Amino acid sequence: QVQLVESGGGWVQAGGSLRLSCAASGGTFSSYAMGWFRQAPGKEREFVAAIRWTGAYEYYADSVKGRFTISRDNAKNTVLLQMNSLKPEDTAVYYCAANSRGLGPPLSRRSYDYWGQGTQVTVSS
């Protein structure tokens, strides 16, 4: 059973930065594609960023492209999301997700079979 634990969320003013971390355990992390999603109040969970198991390919939502960077450290079973130039519309609960089967498009929630509990990010104007 794969467990994912996010950390690094918090409150920041617009224009600031945060770095989210997701620690994985209980599985073969280095073979999983990993993703970050977010959910704002009253909205559906949406794709933010994803990275292939090799780290060679990264994917980003248009709304965060150029501001957010996803990376992974397979030796530490960790995936990071560096968030710069934060905007109030980035406020949401951020979730880490693992695709252990390697199937499906990286931007789709349905491709991911393990999820963390989420970490709150609040950006004030």
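Scroll up a little and you will see the structure.
Bear in mind the structure is a predicted one, so any value in this text is a computation, not a measurement.

Draft legend 1. Seen up close, the pattern of salt bridges. The tally for this structure, following the rule as stated, stands at 5 salt bridges. A salt bridge links Lys-65 to Asp-62, with the nearest nitrogen and oxygen atoms 3.2 Å apart. For the pair formed by Lys-65 and Asp-62, the shared burial category is exposed. One salt bridge connects Asp-90 with Arg-67, and the closest N-O pair in it is separated by 2.8 Å. With Asp-90 in the loop between strand E8 (78–83) and strand E9 (92–99) and Arg-67 in the loop between strand E6 (58–60) and strand E7 (68–73), this pair connects stretches of sequence that are 23 residues apart. Each member of the pair, Asp-90 as well as Arg-67, carries the same accessibility label: buried. Ionic contacts of the salt-bridge type, sharing partners, join the residues Arg-38, Glu-46, Arg-67 and Asp-90 into one network.

Draft legend 2. Layout of the sheet that holds E8. With antiparallel pairing, 4 strands are arranged side by side in an open sheet as E1-E3-E8-E7. The open sheet terminates on both sides in strands that have one partner only, identified here as strand E1 (3–7) and E7. In this sheet, adjacent strand axes meet at a mean angle of 15° when their direction is disregarded. Judged from the 6 bridges that link them, strand E3 (residues 18–25) and E8 form a sheet pairing that is antiparallel. In the strand pairing of E8, Ala-23 is matched with Thr-78.

Draft legend 3. Up close: the environment of Thr-28. With respect to the element layout, Thr-28 can be found in the loop between E3 and strand E4 (33–39). In the structure, Thr-28 is positioned 72 residues away from Ser-100 in sequence and 8.1 Å away in space, judged by C-alpha atoms.

Draft legend 4. Inspection of the state of the cysteines at higher detail. Counting across every chain of the model gives 1 disulfide. Between the sulfur atoms of Cys-22 and its disulfide partner Cys-96 the distance amounts to 2.1 Å. Residues Cys-22 and Cys-96 are joined through a disulfide that is left-handed, its torsion about the S-S bond being -75°. In this pair, Cys-22 sits in strand E3 while Cys-96 sits in strand E9, placing the two residues 74 residues apart along the sequence. As far as burial versus exposure is concerned, Cys-22 and Cys-96 are alike and both buried.

Draft legend 5. Layout of the packing of aromatic side chains. For the coordinates displayed, the defined rule picks out 4 aromatic pairs. For the pair Phe-37 and Tyr-112, a centre-to-centre distance of 5.2 Å together with 75° between the ring planes defines the contact as edge-to-face. Highlighted residues: Phe-37 in strand E4 and Tyr-112 in the loop between E9 and strand E10 (114–115), separated in sequence by 75 residues. Here the two residues Phe-37 and Tyr-112 agree in accessibility, since each one is buried. Chaining the aromatic ring pairs together yields one cluster made of Phe-37, Phe-47, Tyr-112 and Trp-115. Over the ring of Tyr-95 we find Arg-45, and its NZ or CZ is 3.6 Å from the ring centre. Over the ring of Phe-29 we find Arg-72; its NZ or CZ atom is 4.5 Å from the centre of that ring.

Conventions used here
Residues numbered from 1 in each chain as written. Predicted model: local features only at pLDDT ≥ 70, side-chain atom pairs only at ≥ 80, totals over all residues. Heavy atoms only, no water. Salt bridge = Lys/Arg side-chain N within 4 Å of Asp/Glu carboxyl O. Buried < 20%, exposed > 50% of the residue type's maximum accessible area, 1.4 Å probe, protein only. Helix = DSSP H or I, 4+ residues; strand = E, 2+ residues; numbered from the N terminus. Pairing = 2+ DSSP bridges. Axes fitted to C-alpha atoms, helices over the stretch in contact; angles between N-to-C directions. Disulfide = S-S within 2.5 Å. Phe/Tyr/Trp six-rings, centres within 6.5 Å; stacked < 30°, edge-to-face > 60°. Lys NZ or Arg CZ within 6 Å of the ring centre and 35° of its normal.

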